[in-house]
Amino acid sequence: MRKAWLSRFTVASLLALGVALPARAQISGDGFLFHRPYFRVAVRGGYAIANAKSDLFDFTTEQLTLNRRDFSGLSLGGSVAFGISDRVDVSLDAGYSRTQKASEFRHLEDNNNLPIEQTTTFERAPITVNFKYYLSPPGQSIGSAVWIPSRVTPWIGGGGGLMRYRFKQDGDFVDATTNNVFTSTFDSAEWTPVAQAMAGVDFSLTPLLALTTEARYLYGKGSLSRDFGGFSKIDLSGVSASVGLSFRL
């Protein structure tokens, strides 16, 4: 599954680059654009670290051969941003991260002295609206027909929206009252509100293309399904770092 998403990210990047390059001759000159960018399309890839600090994660890491870092993994994302002033953009942003780990009970075995095994899957997919403020001018207008992008532009931002999360455990488990081993699937998938803060730096490569590096902190908690009755809300917060390409159009 992770390889499939990485392949899609690569294909999307190449397609975006393929669209941008032919357009370069029409909307850009040697080191400048013929107009201020109307919008920016960005794709990114990186690593998302999950806090994993709620009691469901506590129970899972105590009972199974998992630790908190097992819930962190590669992330993908993209955004479309529109400038509302010289230094402020508003963007629609989507991201996705997923981990899947095999495990077994730490201190219990079945009647044949074999491990009691299961697989845990954790997915997060936020969709947010964000405001992005450039700490220095992203470019300079020369007259009414030329816009020169800055080589390096730091920025900060933040916003909020909704996240679709999924926490799923599939395999063999132990009944706490009888110690019997049974096979089952425990699954919780819900939408929940989230907020995030972010900061980064854009490095211009061409008039149309920039390399973007960024870090984000996302905050959110989600309700759990009846499969995980008795637990408090699941912790969906975490920090991520990524690098990507931004296309000015």
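Only a predicted model underlies this, so the values are computations on that prediction, with no experimental measurement involved.

Peer 1: Explain the overall build of the protein to me, please; I cannot follow it from the model alone.
Peer 2: Of the regular secondary structure elements, the protein holds 2 helices and 11 strands. Each of the 249 residues in the protein was classed as buried or not, and the buried ones make up 41%. Expressed as a percentage of contacts within the protein between residues at least 6 apart in sequence, the contacts between residues at least 24 apart total 70%. Carbon and sulfur atoms make up 59% of the accessible area of the protein, which totals about 13100 Å².

Peer 1: I'm lost on the packing of aromatic side chains in this one. Help?
Peer 2: Two numbers describe a pair of aromatic rings. These are the distance of the centres and the angle of the planes. In the structure shown here, the tally under the stated rule is 13 aromatic pairs. Between F57 and F71, the ring centres sit 4.7 Å apart and the planes meet at 70°, which makes this aromatic pair edge-to-face. Linking F57 in helix α2 (residues 55-63) with F71 in the loop between α2 and β2 (73-83), this pair joins segments that are 14 residues apart in sequence. Summarising the burial analysis for this pair, F57 and F71 share the class buried. Look at F57 and F167: their rings are 5.7 Å apart centre to centre, the planes differ by 90°, and that puts the pair in the edge-to-face class. Residue F57 is found in helix α2, and its partner F167 is found in strand β7 (residues 152-174); the two are separated by 110 residues along the sequence. Site record: aromatic cluster; members linked through ring pairs are F57, F71, F122, F167, F173, F182, F186 and F228. The cationic tip of K132 hangs over the ring face of W155; the distance from NZ or CZ to the ring centre is 4.3 Å.

Peer 1: Which parts of the structure should I look at to understand the pattern of salt bridges?
Peer 2: Pairs can form between side chains of opposite charge once their charged atoms are near each other. A complete count under the given rule lists 9 salt bridges for this structure. R44 serves as the salt-bridge partner of E214, at 3.8 Å between the closest nitrogen and oxygen. You can see E214 sitting in strand β9 (residues 209-222) and its partner R44 sitting in strand β1 (residues 39-50), a full 170 residues away along the chain. One exposure class covers both E214 and R44, and it is buried. D58 serves as the salt-bridge partner of R68, at 2.5 Å between the closest nitrogen and oxygen. Of the two residues, R68 is situated in the loop between α2 and β2 and D58 in helix α2; the sequence distance between them amounts to 10 residues. Residue classification places R68 among the partly exposed positions, given a relative accessible area of 34%. Looking at D58, the relative accessible area reads 24%, which means it is partly exposed. A cluster of three or more residues bridged by salt bridges with shared partners is formed by R44, D93, E214 and R216.

Peer 1: Is there a simple way to think about the nonpolar core in this case?
Peer 2: Across soluble globular proteins, nonpolar side chains show a tendency to be buried alongside one another. Core analysis: the largest hydrophobic core is formed by 21 residues, its most contacted members being F57, F71, F122, Y165, F167 and I234. Within the residue set of this core, elements represented by two or more residues are α2, β4 (115-134) and β7. Take this core: its biggest share by element is 5 residues, from β7. F122 has contacts with A50, F57, F71, S97, R98, T99, R166, F167, I234, D235 and L236, leaving out every residue within four places of it along the chain.

Peer 1: Could you clarify how one ought to interpret the side chain of T153 in this entry?
Peer 2: Mapped onto the fold, T153 is located in strand β7. Setting aside its immediate chain neighbours within four residues, T153 contacts Y134, S136, P137, P138, G200, V201 and D202.

Peer 1: Which parts of the structure should I look at to understand the environment of P149?
Peer 2: Secondary-structure assignment places P149 in strand β6 (residues 146-149). Overall, P149 belongs to the buried group, its relative accessible area being 12%. Counting along the chain gives 112 residues from P149 to P37, while the straight-line C-alpha distance between them is 9.5 Å.

Parameters and conventions
Residues numbered from 1 in each chain as written. Predicted model: local features only at pLDDT ≥ 70, side-chain atom pairs only at ≥ 80, totals over all residues. Heavy atoms only, no water. Helix = DSSP H or I, 4+ residues; strand = E, 2+ residues; numbered from the N terminus. Buried < 20%, exposed > 50% of the residue type's maximum accessible area, 1.4 Å probe, protein only. Contact = heavy atoms within 4.5 Å. Areas by Shrake-Rupley, 256 points an atom, 1.4 Å probe, with all protein chains shown as cover. Phe/Tyr/Trp six-rings, centres within 6.5 Å; stacked < 30°, edge-to-face > 60°. Lys NZ or Arg CZ within 6 Å of the ring centre and 35° of its normal. Salt bridge = Lys/Arg side-chain N within 4 Å of Asp/Glu carboxyl O. Core = buried A, V, L, I, M, F, W, Y, C linked by side-chain atoms within 4.5 Å.

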